[in-house]
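Listed below are the residues making up each chain.
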Amino acid sequence: MSEAVLEVAVERWAIAGGFTIARGTKTEAVVVVASITQGGLTGRGECVPYARYGETVDGVAELVRAQAGLVAAGGGRAELAAALPAGAASNALDAALWALEARTAGRPVWALAGLPEPQPVVTAYTLSLGDPAAMAAAAARAAARPLLKVKLGGEGDDERIRAVRAAAPGATLIVDANEAWTEATLERHLAACAAAGVALIEQPLPAAADAVLEGFASPVPLCADESFHGRETLDQVARRYAFVNLKLDKTGGLTEAIAVARAAQERGLGLMVGCMLGTSLAMAPAFLLARWAAFVDLDGPLLLSRDREGGFAFDGSLMQPPPPGLWA
């Protein structure tokens, strides 16, 4: 068997109209792609470095490149997980190794991993943070979609959620506060969300200030995102939240995400499968966990000006399984 060769690329994908959350606005998704070639076959994985977790694009790309020797020596997913911290770099490499293994075996990743065969799922569609009028207009344009994820940002959120609900009366709403609320405003914002029939609220408080949620009776189920990373955080999270947002760029890849998902379910936590803002290549491994999740938020490709060739097919918000050739 020939030696495995690792290549790394940084890609930039324009976002359609920009993307705003409580921490700022982005106009492009910058991703790192790892490609591992062996025996004439190539497996690819895409990750999205995230500044909130201390990552930079250059730093993640260098961390991936630094594993070239380990890959050439035949290091697999377990060896890479031991060599790297959980994060974007390990996610890209884990995905590339899964894809290469699947292509070498001639079997899909879901079968190799013992996961259910992928089926079409409804993904959330995200509405960027803006003033109530702008968000109402965006909600009206997306009102036919069954599941909307509403980005909020603190002051004015009560008006925002009321405006979105009025503009999209038939949609199920998820709210993502991105740590923008405070203990002083929590109950008021929760009441507004409950009145709007919101089904789930992600990360209402900063991760460092969410201890007040222990024993708190929220009128809307709460989902941990920034407060949740891997198995080591689950016991604490289970005392404060009803759901966890499972993102492969946080767990370090599909391999660990499978273990995290099972451990979360053992603790009675519901699952949301989420993503950073990337292309269909980044969504493909996460899609394999969708059948375990009560909520799926893999709309990254829908938010880009264009997706990579051979990406996911969408019928509105109905997301079809990964097409052959996209990943594995």
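Please read these numbers as outputs of a predicted model, since none were measured by experiment. (Residues numbered from 1 in each chain as written. Predicted model: local features only at pLDDT ≥ 70, side-chain atom pairs only at ≥ 80, totals over all residues. Heavy atoms only, no water.)

Chemist: Now, about the pairing of strand E10 (residues 243-246): what can you tell me, with residues and values included?
Modeler: Burial along E10 is two-sided: Phe243 and Asn245 facing one way and Val244 and Leu246 facing the other are all buried. Here strand E9 (residues 222-224) runs beside E10; their pairing, made up of 2 bridges, is parallel. Pairing of Ala224 across the sheet is with Val244, part of E10. One ladder, built from 4 bridges, connects E10 with strand E11 (residues 270-273); its direction is parallel. (Buried < 20%, exposed > 50% of the residue type's maximum accessible area, 1.4 Å probe, protein only. Helix = DSSP H or I, 4+ residues; strand = E, 2+ residues; numbered from the N terminus. Pairing = 2+ DSSP bridges.)

Chemist: So what about the side chain of Thr233? Which residues, and what values?
Modeler: Among the secondary structure elements, Thr233 is positioned in the loop between E9 and helix H9 (234-238). Setting aside anything within four residues of it in sequence, one finds Thr233 in contact with Ser227 and Phe228. (Contact = heavy atoms within 4.5 Å.)

Chemist: Which residues make up the sheet that holds strand E4 (residues 121-122), and what values go with them?
Modeler: Two modes of strand pairing occur in sheets, parallel and antiparallel, and in both the strands are linked by backbone hydrogen bonds. If you trace the 3 strands from one edge of the open sheet to the other, you get E4-E14-E13, paired in antiparallel fashion. Looking at which strands have only one partner, the edges of the open sheet turn out to be E4 and strand E13 (314-315). As paired strands, E4 and strand E14 (residues 318-319) are joined by 2 bridges and run antiparallel to one another. Each residue of the ladder has a partner; that of Val122, found in E14, is Leu318.

Chemist: Requested: an account of the nonpolar core, with residues and values cited.
Modeler: Inside soluble globular proteins, nonpolar side chains tend to come together where they are buried. Counting residues in hydrophobic clusters, the biggest one holds 84 residues, and the most contacted among them are Trp181 and Trp327. No other element matches the 7 residues that helix H11 (residues 254-266) contributes to this core. Beyond its immediate chain neighbours, meaning those up to four positions away, Trp181 contacts Leu152, Gly154, Asp157, Val175, Leu186, His189, Leu190, Cys193, Ile201, Pro204, Leu205 and Pro206. If you look at the next biggest cluster of nonpolar residues, it comprises 20 residues, including Cys47, Val64, Ala88 and Leu93. (Core = buried A, V, L, I, M, F, W, Y, C linked by side-chain atoms within 4.5 Å.)

Chemist: Explain the pairing of strand E7 (residues 172-176) to me, using residue names and the numbers behind them.
Modeler: Consecutive residues of a regular strand have side chains that alternate between opposite faces of the sheet. With 4 of 5 residues buried, E7 lies mostly within the body of the structure. In terms of strand pairing, strand E6 (residues 147-151) meets E7 through 5 bridges, oriented parallel. When the bridges of E7 are listed, Leu148 appears paired with Leu173. Taken together, E6, helix H7 (residues 157-167) and E7 constitute a β-α-β crossover, and its handedness is right-handed. Bridge analysis of E7 against strand E8 (residues 200-202) gives 3 bridges, and the strand direction is parallel. Looking at E8, one finds that Ile174 is bridged to Leu200. The handedness of the E7 to E8 crossover, carried by helix H8 (residues 186-195), is right-handed. (Right-handed = clockwise from strand over helix to strand, strands pointing away.)

So, to be careful, I would describe these as geometric facts and stop short of saying anything about function.
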